[in-house]
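A closer look at the structure
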Amino acid sequence: MEQTKQHEKFMRIAIRLSEQNVNKNQGGPFGAVVVKDGKVIAKSANKVTATNDPTAHAEVAAIRLACKKLKTFDLSGAIVYTSCEPCPMCLGAIYWAKIAAIYYGNTRHDAATADFDDNLLYDELNKPLEKRKLPIQQLLRDEALQAFKLWEKSPLKTDD
């Protein structure tokens, strides 16, 4: 029961951020909080229109802030609380950051009824490359592979 109250407390922060963002005319109705060891590490609302950055979704912005604060790209053990089910981009960022769990408020279908519809992205990801709406073509693979060969020898490479 106590753990449920903790989860609800952090979710309410995300929801409050989403509402404040709309009320203050700062952006879309989305908020996210990154929590680790029971403490808020970072929080953000959607900043897409405020920054003219289509990648500045609440989850991505909160992850960026958390990584900066903790000085790491690995958020293992952290939890994301988000006012809405993450879109494919945000879900990818959450996986890349190695976040342990996601709690969300609204569903992607709720978002679609408010004109935030990610169905095109979900549909496109399930299609073969040649069937997607956006033309996509491989070019100069052999030349591009050189960067991966260099990376194999780089001291920056991690085991992850």
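Just above sits the structure.
Please read all numbers here as calculations on a predicted model, not as lab measurements.

The rules behind the values
- Residues numbered from 1 in each chain as written.
- Predicted model: local features only at pLDDT ≥ 70, side-chain atom pairs only at ≥ 80, totals over all residues.
- Heavy atoms only, no water.
- Helix = DSSP H or I, 4+ residues; strand = E, 2+ residues; numbered from the N terminus.
- Buried < 20%, exposed > 50% of the residue type's maximum accessible area, 1.4 Å probe, protein only.
- Contact = heavy atoms within 4.5 Å.
- Areas by Shrake-Rupley, 256 points an atom, 1.4 Å probe, with all protein chains shown as cover.
- Lys, Arg positive; Asp, Glu negative; His and termini not counted.
- Charge placed at Lys NZ, Arg CZ, Asp CG, Glu CD.
- Pairing = 2+ DSSP bridges.
- Axes fitted to C-alpha atoms, helices over the stretch in contact; angles between N-to-C directions.
- Salt bridge = Lys/Arg side-chain N within 4 Å of Asp/Glu carboxyl O.
- Patch = residues over 30% accessible without salt bridge, like charges linked within 9 Å, V, L, I, M, F, W, Y side chains within 5 Å.
- Parallel < 35°, antiparallel > 145°, perpendicular 65-115°, else oblique.
- Left-handed = near helix turned anticlockwise from the far one by under 90°.
- Nonpolar A, V, L, I, M, F, W, Y, C, P; charged D, E, K, R; others polar.

This part covers the overall build of the chain. Along its length, the chain carries 7 helices and 4 strands. Seen through its principal axes, the chain has C-alpha atoms that stretch 55 × 40 × 30 Å. A burial count over the chain gives 30% of its 160 residues as buried. At a minimum sequence separation of 6, the contacts of the chain that also span at least 24 residues come to 47%. Carbon and sulfur atoms form 55% of the exposed surface of the chain, whose accessible area is close to 11,100 Å². Averaging the locations of the 23 positively and 20 negatively charged side chains of the chain gives two centres separated by 6 Å.

A few words now on the environment of Q20. Secondary-structure assignment places Q20 in helix α1 (residues 2–23). For Q20, a relative accessible area of 35% puts it in the partly exposed group. Residues Q20 and A93, spaced 73 residues apart in sequence, show a C-alpha to C-alpha distance of 24 Å.

Before going further, it helps to examine the sheet that holds strand β3 (residues 79–84). Reading across the sheet, the 4 strands line up as β2-β1-β3-β4 and stay open at both edges, with mixed pairing between neighbours. In this open sheet, the two edge strands, each paired with only one partner strand, are β2 (39–45) and β4 (101–106). The average undirected angle you get between the axes of adjacent strands in this sheet is 15°. Sitting on the sheet, helix α3 (residues 58–70) touches β1 (31–36), β2 and β3, and the angle it makes with β2 is about 140°.

Another point: the pattern of salt bridges. Here the structure, examined in full by the defined rule, presents 4 salt bridges. Taking the shortest distance from any N to any O, the salt bridge between R64 and D53 comes out at 3.8 Å. With a gap of 11 residues between them, R64 in helix α3 and D53 in the loop between α2 (48–51) and α3 connect regions that are remote in the sequence. The class of D53 is partly exposed, set by a relative accessible area of 22%.

To continue, consider the pairing of β3. The side chains of a regular strand alternate between both faces of the sheet. Across the 6 residues that make up β3, a large majority, 6, are buried. With 4 bridges connecting them, β1 and β3 associate as antiparallel partners. Following the sheet pairing, V34 is matched in β3 by V80. The sheet contact formed by β3 and β4 spans 5 bridges and is parallel.

Tracing the backbone through its elements, the reader meets S44 in strand β2. Dropping the residues within four chain positions of it, S44 is found in contact with L17, F30, G31, A32, A58, A61, A62 and L65.

Right, let's talk about a nonpolar patch on the surface for a bit. Together, L91, Y95, I102 and Y104 give the surface a local cluster of nonpolar side chains, amounting to about 390 Å² of exposed area. Within the residue set of the nonpolar patch, elements represented by two or more residues are α4 (88–96) and β4. Inspection of the secondary structure assignment puts Y95 in helix α4.

Here the focus is the packing of α3 against α4. Running from amino to carboxyl end, α3 crosses α4 at an angle of 25°, the nearest separation of the two axes being 8 Å. Considering their axes alone, α3 and α4 lie roughly parallel with respect to each other. Relative to α4, α3 is oriented so that their crossing is left-handed. Where α3 approaches α4, its residues E59, V60 and I63 are matched on the opposing element by M89, C90, A93 and I94. Taken together, the residues of the contact of α3 with α4 sort by class into 6 nonpolar, no polar and 1 charged.

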